[in-house]
Amino acid sequence: MAKVTRDDVARLAGTSTAVVSYVINNGPRPVAPATRERVLAAIKELGYRPDRVAQAMASRRTDLIGLIIPDARQPFFGEMAHAVEQAASERGKMVLVGNTDYIGEREVHYLRAFLGMRVSGLILVSHALNDLAAAEIDAWDARVVLLHERPEAIDDVAVVTDDLGGAQLAVRHLLEHGYEYVACMGGTAQTPAVGDPVSDHVEGWKRAMVEAGLSTEGRLFEAPYNRYDAYRVALDILAGPRRPPAIFCSTDDQAIGLLRAARELRIDVPRELGVAGFDDIKEAALADPPLTTVASDRSAMARAAVDLVLDDGLRVAGSRRERLKTFPSRLVVRTSCGCV
């Protein structure tokens, strides 16, 4: 059986091959609804399947978006990747995902691999973009949108949440419950001082404490972001001689590890220990007790990142502030803070 071509579709639909291309590719020129319906009916009747490889070779772009994230095993990044995939699907694109495991060399590997595949754009969740990775992006003149984090090494358009303001909301709420002070589980020594959400969470904690007239000295604890290592850190904190009355965790994963440690040590949350997290991952509502946390609109952020990376008109030049799209944070009150 002869292969069905674009010419065959155009002939049956009574239109040109260019119009067939506009329908298949959703542009670049608009097609009248009636004409579009004829083309789609012809495609269905003939069983036409576009040659995506040939299209990519001709346009030097594919229907792929590259997404580079630190670790999809962490629920926050898994949920973010899913939101990006949904948003990309709405635009007729597929997503390639690469996990860096917070390793700079692996980030460079995925950058080279995805850009070499001629992806339509690259969405980058970078913990600490190094100079080599930044140079790779510049060399390819890549269309890049930063998501969730905004490393200083590059100045591309970024989509973030109000991490600093959200942390302040959580800490103020804990203090309103009457806890003497609030300690903080921050990041590690490798956490970037600028452009990283956890750094902003720590800064928000500091500001809320200072505005309440409270000292932060000796009340900031280094901890990995994931629940398993945070659990071990929490055991040391809670079993120590100066157990904090309340703790703000920079991630929900840390908070879940902290709650596990508190249960093992028979510390009642929230009567003996107030806890709040940040991210509002799905598991936060099922924690024991349910976790008070800070939420961001990940679906809206993912959609904005996909739109920005695909639409040249949205990539606005100018100052860093103008190139930053910030979504608001909101406090999600459950029972780990002391609310009933």
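Residues numbered from 1 in each chain as written. Predicted model: local features only at pLDDT ≥ 70, side-chain atom pairs only at ≥ 80, totals over all residues. Heavy atoms only, no water.

1. Section: the pattern of salt bridges
Working step 1: If you walk through the whole model with that rule in mind, you get 19 salt bridges.
Working step 2: For Asp71, the salt bridge identified is with Arg73, shortest N-O distance 3.0 Å.
Working step 3: On the accessibility criterion, Asp71 (10% relative accessible area) is buried.
Working step 4: Note that Arg73 is salt-bridged to Asp101, the shortest N-O span being 3.7 Å. (Salt bridge = Lys/Arg side-chain N within 4 Å of Asp/Glu carboxyl O. Buried < 20%, exposed > 50% of the residue type's maximum accessible area, 1.4 Å probe, protein only.)

2. Some details on the sheet that holds strand S7 (residues 220-221)
Working step 1: Strand order across the open sheet formed by 4 strands is S7-S6-S8-S9, with parallel pairing between neighbours. Each having just a single partner strand, S7 and strand S9 (274-276) make up the two edges of the open sheet.
Working step 2: Sheet analysis places strand S8 (residues 246-249) next to S9, joined by 3 bridges and oriented parallel. Among the inter-strand pairings, Ala246 is bridged to a residue of S9, identified as Gly274.
Working step 3: Contacts from helix H11 (residues 252-264) reach strand S6 (183-185), S8 and S9, with the element oriented near 145° to S8. (Pairing = 2+ DSSP bridges. Helix = DSSP H or I, 4+ residues; strand = E, 2+ residues; numbered from the N terminus. Contact = heavy atoms within 4.5 Å. Axes fitted to C-alpha atoms, helices over the stretch in contact; angles between N-to-C directions.)

3. What to know about the sheet that holds strand S4 (residues 144-147)
Working step 1: Across the sheet, which stays open at both edges, the 6 strands sit in the order S2-S1-S3-S4-S5-S11 with parallel pairing between neighbours. Every other strand in the sheet has two partners, leaving strand S2 (94-99) and strand S11 (324-327) as the edge strands with one partner each. Across this sheet, the average inter-strand angle for adjacent strands is 20°, counted without regard to direction.
Working step 2: Inspection of the sheet shows strand S3 (residues 121-124) paired to S4 by 3 bridges, in the parallel sense. Along S4, the bridge assignment pairs Leu122 with Val144.

4. Describing the packing of aromatic side chains
Working step 1: For the structure shown, the criterion picks out 3 aromatic pairs.
Working step 2: Aromatic pair Tyr102 and Tyr225: ring centres 5.9 Å apart, planes at 55°, arrangement tilted. Placement of Tyr102 in the loop between S2 and helix H6 (104-116) and of Tyr225 in the loop between S7 and helix H10 (227-239) is noted, with a sequence separation of 123 residues between them.
Working step 3: When its relative accessible area of 30% is taken as the criterion, Tyr102 is described as partly exposed.
Working step 4: Of the residues examined, Tyr225 reaches a relative accessible area of 11% and is grouped as buried.
Working step 5: Measuring from ring centre to ring centre gives 5.7 Å for Tyr110 and Phe114, while their planes differ by 40°; the resulting arrangement is tilted. Of this pair, Tyr110 and Phe114 both sit in helix H6, 4 residues apart, which is roughly one turn of that helix.
Working step 6: Sitting above the plane of the Tyr181 ring, Arg219 keeps its charged end 3.7 Å from the centroid.
Working step 7: Residue placement shows Arg260 over the ring face of Tyr231; its charged tip is 6.0 Å from the ring centre. (Phe/Tyr/Trp six-rings, centres within 6.5 Å; stacked < 30°, edge-to-face > 60°. Lys NZ or Arg CZ within 6 Å of the ring centre and 35° of its normal.)

5. Here we look at the side chain of Ser336
Working step 1: Take Ser336: it is sitting in the segment after strand S12 (330-332).
Working step 2: With relative accessibility at 0%, the residue Ser336 sits in the buried group.

6. Some details on H11
Along an α-helix, a turn takes 3.6 residues, which lines up residues three or four apart on a common side.
Working step 1: With 13 residues, H11 extends 19 Å from end C-alpha to end C-alpha; this agrees with the ideal 18 Å at 1.5 Å per step.
Working step 2: Across the 13 residues of H11, 10 count as buried, placing the element largely inside the fold.
Working step 3: All buried positions along H11 are accounted for by Asp252, Asp253, Gln254, Ala255, Ile256, Gly257, Leu258, Leu259, Ala261 and Ala262.
Working step 4: The elements touched by buried residues of H11 are helix H5 (75-90), S6, H10, S8, S9 and strand S10 (293-295). (Expected span 1.5 Å × (residues − 1).)

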